[in-house]
Amino acid sequence: MCRRERPNSAGHKANILKSSYTQIGVGVVENGRVDIYAVALDGRDVQLNSIGAGECFGICNLLVAEPLQTVLRCAEETTVRFWEKEALVAAMRGDAALAMAYAALCNAKIQFLLSRIEMLTMQSCRGKVLAFLLAEKREDGVILLRGTRDELASRLSVSRAALYRELSALQSGGYLEVGESRLRVLNSSALEKLLYGV
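Our subject in this report is the structure included herewith. (Residues numbered from 1 in each chain as written. Predicted model: local features only at pLDDT ≥ 70, side-chain atom pairs only at ≥ 80, totals over all residues. Heavy atoms only, no water.)

### Quick look at the overall build of the chain
Here is the rule: A run of H or I in DSSP counts as a helix once it spans at least four residues, and a run of E counts as a strand once it spans at least two, with each numbered from the N terminus. A 1.4 Å probe rolled over the protein chains alone gives each residue an accessible area, and that area as a share of the maximum for its type sets the label: buried under 20%, exposed over 50%, partly exposed in between. Every residue pair with non-hydrogen atoms within 4.5 Å of one another is taken to be in contact. Computed with a 1.4 Å probe, the accessible areas rest on the Shrake-Rupley method; for each residue, only the protein chains presented here act as cover.
When you go through the chain residue by residue, the secondary structure sums to seven helices and ten strands. Looking at the 198 residues of the chain, the share that counts as buried comes to 39%. Of all intrachain contacts in the chain linking residues separated by at least 6 positions in sequence, the fraction that spans at least 24 positions is 69%. With an accessible surface of roughly 11,000 Å², the chain has 53% of that area assigned to carbon and sulfur atoms.

Structural data, given as structure tokens:
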């Protein structure tokens, strides 16, 4: 039912999702970090998310015949545990609580993807940065940054210079604290006003 892999033994940044993995089922990150990309119509990879220990990928492919086109890359040394598709589906048929947990996880993924679509369709760099800050902050306003600022710029589809400029402007305006590996939103309602103009 379960298989453990160290998919990036040849070095991180390599693609780990091969065609054989798409039929396996769900991958759970045991340690490390995996960056998830969608394949755009023009062939470019657009970063959707970055997941760490305890988070999973592949749940959208469990009940469909054709798997979603996705590219996964290890962002650091990573171990992934794969759960077979057939075994998970059989377990859900016999366990209503497991099926409901799966449905809740799917709902959360749908909400996340809708927010990412909104962010990716924004035209301005400021809008993308503001939407990211509001979507990713914890209750205490803190956003823990996974990866480098270059990777964040790529995830937001903005240039590195534009990202630094926006973060610096928000910090100078008193909206944001900028640290080495974290950001802290100081006033969420003010950021919402900047983003939505209300």
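From this point, the narrative continues.
### Re the sheet that holds strand S8 (residues 142-144)
Condition: Two strands qualify as a pair provided DSSP detects at least 2 bridges between them. Simply put, an axis is a line fit to the C-alpha atoms, just over the touching stretch for a helix, and the angle between two N-to-C directions goes from 0 to 180 degrees.
Ordered by their spatial adjacency, three strands build an open sheet running S8-S10-S9, and the pairing between neighbours is antiparallel. Pairing within the sheet leaves two strands with one partner each, and these edge strands are S8 and strand S9 (176-178). Adjacent strand axes in the sheet meet at a mean angle of 15 degrees, parallel and antiparallel pairs treated alike. Where S9 meets strand S10 (residues 182-185), three bridges bridge the pair, whose relative direction is antiparallel. Residue pairing across strands places Glu177 opposite Arg184, the latter belonging to S10. On the sheet, helix H4 (residues 125-136) packs against S8, S9 and S10 and is oriented at approximately 100 degrees with respect to S8. Running over the sheet, helix H6 (residues 160-172) touches S9 and S10 and is turned about 125 degrees from S9.

### A word on the state of the cysteines
To keep it simple, the criterion reads: Pairs of cysteine sulfur atoms within 2.5 Å are identified as disulfides in what follows.
The tally for this structure, following the rule as stated, stands at zero disulfides. With no disulfide of its own, Cys60 has Cys106 as its nearest cysteine by sulfur position, at a separation of 6.0 Å. Owing to a relative accessible area of 42%, Cys60 belongs among the partly exposed residues under this scheme.

### Topic: the pattern of salt bridges
To be explicit about the condition: By salt bridge we mean one thing: a side-chain nitrogen of Lys or Arg within 4 Å of a carboxyl oxygen of Asp or Glu.
Evaluated as defined, the whole model comprises ten salt bridges. One salt bridge in this structure joins Arg33 and Asp35, with 3.1 Å as the shortest N-O distance. On the basis of relative accessible area, Arg33 is assigned to the buried category, the value being 7%. Two residues, Asp140 and Arg138, come together in a salt bridge whose shortest N-O distance is 2.9 Å. Ionic contacts of the salt-bridge type, sharing partners, join the residues Arg33, Asp35, Glu76 and Glu151 into one network.

### Overview of helix H2 (residues 85-94)
Test applied: Our arc is simply the arc of the directions from the helix axis toward the C-beta atoms.
If you check which residues of H2 are buried, you get Lys85, Leu88, Val89 and Met92. With its buried residues spanning 95 degrees around the axis, H2 presents them on a single face. Seen from the open side of H2, the exposed residues pointing more than 90 degrees away from its buried face are Glu86 and Gly94.

### Overview of unusual backbone geometry
Even without glycine at this site, Ser157 takes up a positive phi of about 60 degrees. Summarising the element assignment, Ser157 is placed in the loop between helix H5 (149-156) and H6. For Ser157, a relative accessible area of 38% translates into the label partly exposed.

### Considerations on H6
Because an α-helix packs 3.6 residues into every turn, residues spaced three or four apart end up facing the same way. For clarity, the cut-off: Given a helix with a known number of residues, its expected span is that number minus one, times 1.5 Å.
Its 13 residues place the ends of H6 18 Å apart at the C-alpha level, agreeing with the 18 Å of an ideal helix rising 1.5 Å per residue. Turning to H6, its buried residues number three or more, namely Ala162, Leu163, Glu166, Leu167 and Leu170. One side of H6 holds all its buried residues, which, seen down the axis, span an arc of 130 degrees. Within H6, the exposed residues directed more than 90 degrees away from the buried face are Ala161, Arg165 and Ser172. Just past H6, the residue Gly174 takes up positive phi, approximately 80 degrees.

### Points about the nonpolar core
Convention followed: Residues belong to one nonpolar core when they are buried, are Ala, Val, Leu, Ile, Met, Phe, Trp, Tyr or Cys, and are joined through side-chain atoms within 4.5 Å.
Grouped together as the largest cluster of nonpolar side chains are 22 residues, with contacts concentrated most on Val129, Phe132, Leu133, Leu163 and Leu183. Of all the elements, H4 adds the most residues to this core, at seven residues.

### Here we look at the sheet that holds strand S6 (residues 70-74)
Ordered in space as S4-S3-S6, the three strands form an open sheet in which the pairing is antiparallel. Pairing within the sheet leaves two strands with one partner each, and these edge strands are strand S4 (45-52) and S6. Strand after strand, the sheet turns through a mean of 25 degrees between neighbouring axes, direction not considered. With five bridges connecting them, strand S3 (residues 33-39) and S6 associate as antiparallel partners. For Asp35, the partnering residue across the bridge sits in S6 and is Arg73.

Scope: geometric values only; no functional claims are made or implied.
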